[in-house]
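Structure assessment
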Amino acid sequence: MRDPTLSNRRATIVTLSREAGVAPSTVSRALKGEGRISAEMRAKIGRLAKELGYTPHASARTMSSGRSGLIGIVGGPADNPFYTELLHETVRQVVDRGMRMLMIHAGTGPIESRTADALLQYQVDGCLFSSVELPSKIASVCAANGVPVVMVNRVARLHSSAVTCDNAIGSAQIAELLVRGGHRQIALVRTSSSSSTGIERDAGFTRYLEQAGLRPMLRLDGHSTYEGGFAAGQHIAALPAGKRPDAVYAISDIMAFGVLDAFRLAGLQVHADMAVAGFDGVPQSGRPIHDLTTVEQPLPAMVGRALDLLQARMLDKTLTDETVSLRGRLIIRGSTRPVPDYMSEV
């Protein structure tokens, strides 16, 4: 007769052994599909496990296999919709692959000590980093403990592979679109951080302008935030009409949103008075209030390649680091002037 208290307790190997009338070791072997346990008994224990909601305990699995089945995630600030989309896509693909994830850190605060501690405490099998550079301490901890690391939206510098959008080419496409749209007085809203993403977007945009005989007439630090973009937009809007740029490239959509809002509050019409473009392609960029021209990062492909690289290195620690760069997609919307036939040439 079944114990009536079972429904109030988590099913374990011992629970299944009592129900099946066999030793716990027999249950364990049956769940592993070992051939020395009869097909009839394996089927019986399988039915009991499903009926009682039995799932293997993660800690026990770690002890027996030496692997936790966890991948650590170090994410970006939640107020930037790009990193929210990146996290959602990562969760979806991790679940689809039958893996489990542990959010170790999210945001812009320091990550050195607590991230290193979490890597050791939870014994993650691998780690995905986005939004931040890989600190030297974390790189050393991962290398010493055989934990592979893959950067997403960043180029690796220390002990890690990386998957990134081709930021330089995407930014050059924005520059070409603005120049071919007749703009000559162009401002750049950039970031003073040392992130590879910001550096590449700045360089790709500036390089194209220089090849066209131009240079940014104004370079402002938007601090990779909406507030920073808004402040940059206010600064530009306050300039005399004759000294004001006629186009702005903000190197992330979140900063471009701030620029757009500052212009609207100042009474400037986009795109009649000013063109604005961003980078990232977050869903909010397509809303009518923004209608932002941007370069869309191929997030599903980026996350997929990152997990491929990570899983391969979780299985084979001898694989060398690898960097993958994927092309983004230029989306032309109402925040910039239309350029006839431009898309057919991209």
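Structure first, text after, so check above.
Presented here is an overview of the structure given in this document. Here the residue index of a chain counts from 1 through its sequence in written order. The predicted origin of the model limits local features to residues at a pLDDT of at least 70 and limits the giving and counting of side-chain atom pairs to 80 or more, whereas totals for whole chains, interfaces and linings rest on all residues. Note: side-chain values were computed over all heavy atoms of the structure, leaving out hydrogens and water.

**Here's the deal with the overall build of the protein chain**
Broken down by element type, the protein chain carries 13 helices and 12 strands. Each residue is placed in one exposure class: buried if its accessible area under a 1.4 Å probe, protein chains only, is under 20% of its type's maximum, exposed if it is over 50%, and partly exposed if it falls in between. Put simply, the protein chain has 346 residues, and 48% of those count as buried. Intrachain contacts of the protein chain at a sequence separation of at least 6 include 68% that bridge at least 24 residues. Secondary structure elements are taken from DSSP: a helix is a run of H or I of four residues or more, a strand is a run of E of two residues or more, and numbering for both begins at the N terminus. The contact rule is simple, with two residues in contact once any of their heavy atoms fall within 4.5 Å.

**Focus on helix 8 (residues 167-180)**
Between the first and last C-alpha of helix 8 there are 20 Å, a value that for 14 residues agrees with the 20 Å anticipated at 1.5 Å per step. What helix 8 keeps buried is the set N167, G170, S171, A172, Q173, I174, A175, L177, L178 and V179. G182 lies just past helix 8 and shows a positive phi near 95°. A helix is expected to reach a length of 1.5 Å times the quantity of its residues less one.

**Points about the pattern of salt bridges**
Should a side-chain nitrogen of Lys or Arg be within 4 Å of a carboxyl oxygen of Asp or Glu, the pair is scored as a salt bridge. Inspection of every chain in the model, using the stated rule, returns 10 salt bridges. With its nearest N and O atoms 3.0 Å apart, the salt bridge here joins R329 to E296. With R329 in strand 12 (residues 329-331) and E296 in strand 10 (residues 294-296), this residue pair connects regions lying 33 residues apart in the sequence. Residue classification places R329 among the partly exposed positions, given a relative accessible area of 47%. Note that E322 is salt-bridged to R313, the shortest N-O span being 3.4 Å. Taken together, the salt bridges that share partners define one network made up of E89, R92 and D96.

**Overview of the packing of aromatic side chains**
Each pair of aromatic rings is reported with the distance of its centres and the angle of its planes. Working definition: a ring pair exists when centres of Phe, Tyr or Trp rings (six-membered ring for Trp) sit within 6.5 Å. Plane angles under 30 degrees give stacked, over 60 give edge-to-face, the rest tilted. Per the stated rule, a full pass over the model turns up 3 aromatic pairs. With a centroid separation of 5.1 Å and an interplanar angle of 75°, the aromatic rings of F82 and Y83 are classed as edge-to-face. The exposure classification of F82 matches that of Y83, with both residues buried. Taking 4.6 Å as the distance between ring centres and 35° as the angle between the ring planes, the aromatic pair formed by F205 and Y249 counts as tilted. Of this pair, F205 sits in helix 9 (residues 196-211) while Y249 sits in strand 8 (residues 247-250); the two residues are 44 residues apart in sequence, bridging distant segments of the chain.

**Concerning the packing of helix 2 (residues 24-31) against helix 3 (residues 39-52)**
Relative orientation of the contacting elements helix 2 and helix 3 amounts to 90°, with a least axis distance of 9 Å. Taken together, the axes of helix 2 and helix 3 lie roughly perpendicular to each other. On the side of helix 2, the interface is formed by T26, V27, A30 and L31, while helix 3 contributes M41, R42, I45 and A49. Class assignment of the residues belonging to the contact of helix 2 with helix 3 gives a composition of 6 nonpolar, 1 polar and 1 charged. Where helices are involved, their axes are fitted lines through C-alpha atoms of the stretch in contact, as for all axes, and angles between N-to-C directions lie from 0 to 180°. Throughout, the term roughly parallel applies to angles under 35 degrees, roughly antiparallel to angles over 145, roughly perpendicular to angles from 65 to 115, and oblique to all others. Three classes are used: nonpolar for Ala, Val, Leu, Ile, Met, Phe, Trp, Tyr, Cys and Pro, charged for Asp, Glu, Lys and Arg, and polar for all others, with Gly counted as polar.

**Let's talk about the side chain of D253**
With respect to the element layout, D253 can be found in helix 11 (residues 253-265). R333 is the oppositely charged side chain nearest to the buried, salt-bridge-free D253, at an N-O distance of 6.5 Å. Among the polar contacts made by the side chain of D253, one reaches the main-chain amide nitrogen of V282 at a distance of 3.0 Å. Beyond its immediate stretch of four places on either side in the chain, D253 contacts G278, F279, D280, G281, V282, S285, L292 and T294. Under the convention used here, Asp and Glu are negative, Lys and Arg are positive, and both His and the chain ends fall outside the count. Residues adjacent in sequence count toward polar contacts only when both atoms are side-chain atoms; beyond that, a polar contact is any pair of N or O atoms within 3.5 Å, and within protein one must be able to donate a hydrogen and the other to accept it.

**Quick look at unusual backbone geometry**
Most peptide bonds take the trans form, and the phi angle of most residues other than glycine is negative. In this structure, N153 takes a positive phi of about 70° despite not being glycine. Here N153 lies in the loop between strand 4 (149-152) and strand 5 (161-165). Given a relative accessible area of 2%, N153 falls into the buried group. Of note in the backbone geometry, S224 takes a positive phi value of approximately 60° without being a glycine. Relative to the helices and strands, S224 is located in the loop between strand 7 (218-221) and helix 10 (226-237). Using a relative accessible area of 36% as the deciding quantity, one classes S224 as partly exposed.

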